[in-house]
Amino acid sequence: MLAEPIPRKRPVLDVREIVLVALLAAAGGVLSTYVGYVGNLINRLFGIPFGAGQLIAGLHVLWLVLARSLTGRFGSGSLTGLVKGAVEFLSGGTHGVVIVLVSLVEGILVDLGMGISRRPSLAVSMVAGAVASASNVFLFQAIYFGGVPIGFLFVMAGLSLVSGAFCGGYLAWDLRRFLIASRLVPPPAPEATGARPSLRRSLIGLVAVVLFLAGGVYYYTRVADPFAAPDRATIEGALVVPFVFHYSEWAEEAETVTAELRGSVSYVPAKDYTGVPLALVLERAKPKAEATTVEVIGADGYAADFDLAKILADRSVLLSLEGGHLRLIGAGYDGAHWVDRVTRAVVR
């Protein structure tokens, strides 16, 4: 009598699901820098150095919630988070290797949140997105001990919670319905025999994501300058003598200051920094009489505004060469005024 064959266990993720996770993680990792740029614009709109950008923090977890809901597999959110964080780090993300841990924790929370129900639902998706999104506020504080007042910390967490529910959970749910209704992806196994969702009711998420992706294309083609020379910056605007600053040509003018970096998600105790005073660079360029501000811009589009008169009278704000890249050391200013990978300084 022949023994019955032992049924083969289905792998945790099949090839199709692994490809799906990889695509979503790559998209999320590459677009995270763009989300950070938009967050900075929101901060500037509200006239505050940081915090308001949490209004769109949910876009960071959109990809994790979408991967988890499309595969229906516990662990897919964590894997997507891990890969997304690695992609963001390798593509030059401003948070460094720490973002891998932050993104992984967000993915774990997505898995746990969506694991409370066997069948996916909008409510579960929104709860998972909300909790995962808000976690970034507390994680960054725990890692960097940024010293943000507790009240403001909870305000940021609240904004991130709401954003995670809508920009993460709701958009992921709506986009999931569209992908299944249009037969671009099959539903997870437990839903394979059920009725497909209506295509008409699933267009909000699609429109939002298309607009988001279009903005990302504009950002990477018109705003960001990832291939700029790392040791030089264009000094331009309302100047008599605009020029290109080369750090090597100014090395003898370098000075050393002691500064403390205190930002919303990072804190570096007081230490010495060496660089060329921005005041000296601007003096050579000779600002015109009507000029009042100087905007320092990084390769990722991040920008910080300074009062021109204060900068010209202050030799502690430096253009420093760190890791082969120009960095603005905003001694005496909050962390939002420290700009990495400086490529331009525009006088207006």
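First, a word on what this report is: a plain description of the structure on this page. (Residues numbered from 1 in each chain as written. Predicted model: local features only at pLDDT ≥ 70, side-chain atom pairs only at ≥ 80, totals over all residues. Heavy atoms only, no water.)

Things to note about the nonpolar core
In plain terms, the rule: The set of buried Ala, Val, Leu, Ile, Met, Phe, Trp, Tyr and Cys residues whose side-chain atoms join them within 4.5 Å is what this entry labels a nonpolar core. Exposure classes here rest on a 1.4 Å probe applied to the protein chains alone. A residue is buried below 20% of its type maximum, exposed above 50%, and partly exposed in between. Only DSSP runs of H or I covering at least 4 residues are called helices, and only runs of E covering at least 2 are called strands; the numbering of each starts at the N terminus. By the convention used here, residues are in contact when the closest approach between their heavy atoms is within 4.5 Å.
By size, the foremost hydrophobic cluster in this structure holds 35 residues, and its most contacted members are Leu 59, Trp 63, Leu 70 and Phe 212. Tallying contributions element by element places helix α1 (residues 15-46) first for this core, with eight residues. In contact with Trp 63, not counting residues within four places along its chain, are Leu 24, Ala 27, Gly 28, Leu 31, Thr 80, Lys 84, Phe 212 and Leu 213. In terms of nonpolar packing, the next biggest core, distinct from the first, is built from 29 residues, Ile 235, Val 281, Val 296 and Val 317 among them.

Quick word on the sheet that holds strand β3 (residues 255-262)
What counts here: A pair of strands is considered paired only if DSSP assigns at least 2 bridges between the two.
Taken in spatial order, the five strands of this open sheet run β3-β4-β7-β8-β9, and their pairing is antiparallel. In the strand order of this sheet, the two ends are held by β3 and β9 (339-340), each with one partner. Across six bridges, strand β7 (residues 317-322) lies against strand β8 (residues 325-330) in antiparallel orientation. Looking across to β8, one finds that Ser 320 is bridged to Arg 327.

Brief notes about a nonpolar patch on the surface
This is how the line gets drawn: Each patch is built from residues lacking any salt bridge and having more than 30% relative accessible area; the joining distance is 9 Å for like charges and 5 Å for nonpolar side chains (Val, Leu, Ile, Met, Phe, Trp, Tyr). Only the protein chains shown count as cover for residues, with accessible areas throughout obtained via the Shrake-Rupley method and a probe of 1.4 Å. By definition here, a salt bridge exists when the distance from a side-chain nitrogen of Lys or Arg to a carboxyl oxygen of Asp or Glu is within 4 Å.
Residues Val 15, Val 19 and Leu 23 make up a contiguous nonpolar surface patch of roughly 300 Å² in combined accessible area. As for its placement among the helices and strands, Val 19 is situated in helix α1.

Here's the deal with the sheet that holds strand β5 (residues 293-298)
What counts is decided by this rule: Comment: axis = line fitted to C-alpha atoms, over the contacting stretch for helices; angle = value between 0 and 180 degrees taken between N-to-C directions.
Judged by pairing direction, the sheet is mixed, and its five strands sit side by side in the order β2-β1-β10-β5-β6 without closing on themselves. On the outer flanks of this sheet lie β2 (243-246) and β6 (303-307), each paired with one strand and no other. The average angle at which neighbouring strand axes cross in this sheet is 20°, direction not considered. Along the sheet face, helix α9 (residues 278-285) touches β1 (232-237), β2, β5 and β10 (342-347) and points at about 150° away from the line of β2.

Quick notes on the environment of Asp 314
The test is simple: In protein, a polar contact means a hydrogen-donor-capable atom and an acceptor-capable atom, both N or O and within 3.5 Å, with residues adjacent in sequence counting only if both atoms are side-chain atoms; elsewhere, any N or O pair within 3.5 Å suffices.
Along the chain, Asp 314 falls in the loop between α10 (308-312) and β7. Along the backbone, Asp 314 and Gly 332 are 18 residues apart, and their C-alpha atoms lie at a distance of 9.8 Å. Those residues within four positions of Asp 314 in sequence are excluded, and the remaining contacts are Ala 279, Ala 331 and Tyr 333. Side-chain polar atoms of Asp 314 contact the side chain of Ser 316, separated by 2.6 Å.

Description of the packing of aromatic side chains
Selection rule: Any two of the Phe, Tyr and Trp rings considered here, Trp counted by its six-membered ring, make a pair once their centres fall within 6.5 Å; the pair's planes then place it as stacked at under 30 degrees, edge-to-face at over 60, or tilted in between.
The tally for this structure, following the rule as stated, stands at 11 aromatic pairs. A ring pair is formed by Tyr 34 and Tyr 219, whose centres lie 5.5 Å apart and whose planes are at 40°; its orientation type is tilted. Taken as a pair, Tyr 34 in helix α1 and Tyr 219 in helix α7 (residues 203-223) lie far apart in primary sequence, 185 residues in all. Residue classification places Tyr 34 among the buried residues on the basis of a relative accessible area of 10%. Judged by centre distance (5.0 Å) and plane angle (80°), the ring pair of Phe 306 and Tyr 333 falls under edge-to-face. Taken together, the positions of Phe 306 in strand β6 and Tyr 333 in the loop between β8 and β9 put the pair 27 residues apart, joining distant regions of the chain. The buried category is assigned to Phe 306, whose relative accessible area is 3%. Taken together, Tyr 34, Tyr 37, Trp 63, Phe 212, Tyr 219 and Tyr 220 form an aromatic cluster joined through their ring pairs.

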